[in-house]
Amino acid sequence: MNPAQTGTGRFRRTALLGAVVATALGGGAILAACGTGGGTGGRDGAAGPARISVADSYIPLPPAGGMAAGYLTVRNDGGQDELLKVTSPAAGSVTMHRSTESSMEQVDSLDVPAHGALKLARGGNHLMIMGWQKAPAIGDELELDLTFSKSGTISVRVPVKELTYRPGQS
């Protein structure tokens, strides 16, 4: 074997080992920088900013002139957030409610968990929509403005569906 080739082989192994060590140390520094810091227990900082989207939204057709319920799923692919209020330019008021087996109560806010979802569905958390400017009909869409503590306000268009509608079912 040529002595020059042996030196080159040692150099390559040393360079490769150095690259592996540098990568490991650099990765550790990046992980440390992404830590929660401040001792929040990971509630806010560990997952980064909230990344909010809305799916499966609908309003069952209410009785003439009556109040309606609103249902939707707020998906969050980031850090924890909180739904603070819901408004609509086409309704007098929109309030958030929590249902249990025996009662329904208005709530001031609803948690949107980090890397999770807030589901507003029949028999659970939901919206109550009152004071419609125009009587809704199947196929209409109502604009809802959802205000979050960290993500600001997003607007969604929610379709009015037949009373028996269930998302995901034909």
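Residue positions are given per chain, counted from 1 along the sequence in the order it is written. For this predicted model, a pLDDT threshold of at least 70 governs which residues receive local features, and a threshold of 80 or more governs which side-chain atom pairs are given and counted, while totals over whole chains, interfaces and linings are taken from all residues. For the side-chain quantities, the full set of heavy atoms in the structure was used; hydrogens and water were omitted.

> Outline the packing of aromatic side chains, listing residues and values.
In this description, an aromatic ring pair is defined by two values, namely the gap between the centres and the angle between the planes. Centres within 6.5 Å are what make two rings of Phe, Tyr or Trp a pair, Trp counting through its six-membered ring; a difference in plane orientation under 30 degrees is then read as stacked, over 60 as edge-to-face, and the rest as tilted. All told, the structure shown has two aromatic pairs when counted by the stated rule. Ring centres of Tyr58 and Tyr71 lie 5.2 Å apart, and the angle between their planes is 45°; on these two criteria the pair is classed as tilted. Taken as a pair, Tyr58 in strand E1 (residues 52-60) and Tyr71 in strand E2 (residues 68-76) lie far apart in primary sequence, 13 residues in all. Neither residue differs from the other here; Tyr58 and Tyr71 are each classed as buried. Ring centres of Tyr58 and Tyr165 lie 4.9 Å apart, and the angle between their planes is 75°; this geometry places the pair in the edge-to-face category. With Tyr58 in strand E1 and Tyr165 in the segment after strand E10 (152-161), the pair connects residues that are 107 residues apart, well separated along the chain. Throughout, exposure labels follow a simple rule: accessible area from a 1.4 Å probe, protein chains only, divided by the maximum for the residue type, with under 20% read as buried, over 50% as exposed, and the rest as partly exposed. Relative accessible area serves as the criterion here: at 4%, Tyr58 is assigned to the buried category. In textbook terms, an aromatic cluster arises when at least three aromatic residues are bridged by ring pairs, as seen for Tyr58, Tyr71 and Tyr165. Two limits define a charge over a ring: the Lys NZ or Arg CZ must be within 6 Å of the ring centre, and within 35 degrees of the ring normal. We note Lys161 situated over the ring of Tyr165; from NZ or CZ to the ring centre the distance is 4.9 Å. Where helices and strands are cited, they refer to DSSP runs of H or I of at least four residues and of E of at least two residues respectively, numbered from the N terminus.

> Explain the pairing of E10 to me, and be specific about the residues and the numbers.
Any two strands are treated as partners once DSSP identifies two or more bridges connecting them. Bridging between E1 and E10 involves two bridges; their strand directions are parallel. Counted as the bridge partner of Ile59 is Val160 from E10. Bridge analysis of strand E9 (residues 141-148) against E10 gives eight bridges, and the strand direction is antiparallel. Across the sheet, the residue bridging to Phe148 is Gly152, located in E10. In this antiparallel pair of consecutive strands, E9 and E10, the connection spans three residues.

> With reference to specific residues and values, describe the nonpolar core.
If you look at soluble globular proteins, the nonpolar side chains tend to sit buried side by side. For this analysis, a nonpolar core means a set of buried residues of the types Ala, Val, Leu, Ile, Met, Phe, Trp, Tyr and Cys, connected via side-chain atoms within 4.5 Å. Ile59, Leu83, Val86, Leu127, Leu144 and Leu146 are the most contacted members of the largest nonpolar core, which totals 24 residues. Looking at this core, the elements that each hand over two or more residues are E2, strand E3 (81-87), strand E4 (91-99), strand E6 (110-112), strand E7 (116-120), strand E8 (126-132), E9 and E10. If you tally residues by element for this core, the top one is E9, at four residues. Working rule for contacts: check all heavy atoms of both residues, and any pair within 4.5 Å makes them a contact. Discounting chain neighbours no more than four positions away, the residues touching Leu144 are Leu72, Val86, Thr87, Ser88, Val94, Leu127, Ile154, Ser155, Val156 and Val158.

> Break down the side chain of His126 for me, citing the residues and quoting the values.
Checked against the element boundaries, His126 lands in strand E8. Residue classification places His126 among the buried residues on the basis of a relative accessible area of 5%. N or O atoms closer than or at 3.5 Å make up a polar contact, with two conditions inside protein: a donor-capable atom paired with an acceptor-capable one, and, for residues adjacent in sequence, both atoms drawn from side chains. Polar side-chain contacts of His126 include one of 2.8 Å to the backbone oxygen of Gly124. Not counting chain neighbours up to four residues away, the residues in contact with His126 comprise Gly70, Tyr71, Thr95, Met96, His97, Ser99, Met104, Leu120 and Ala121.

> Summarise unusual backbone geometry; cite the residues concerned and give the values.
The phi dihedral of Asp56 falls on the positive side, at around 55°, and the residue is not glycine. One can find Asp56 in strand E1. A positive phi angle, near 50°, is found at His115, a position not held by glycine. With respect to the secondary-structure elements, His115 resides in the loop between E6 and E7.

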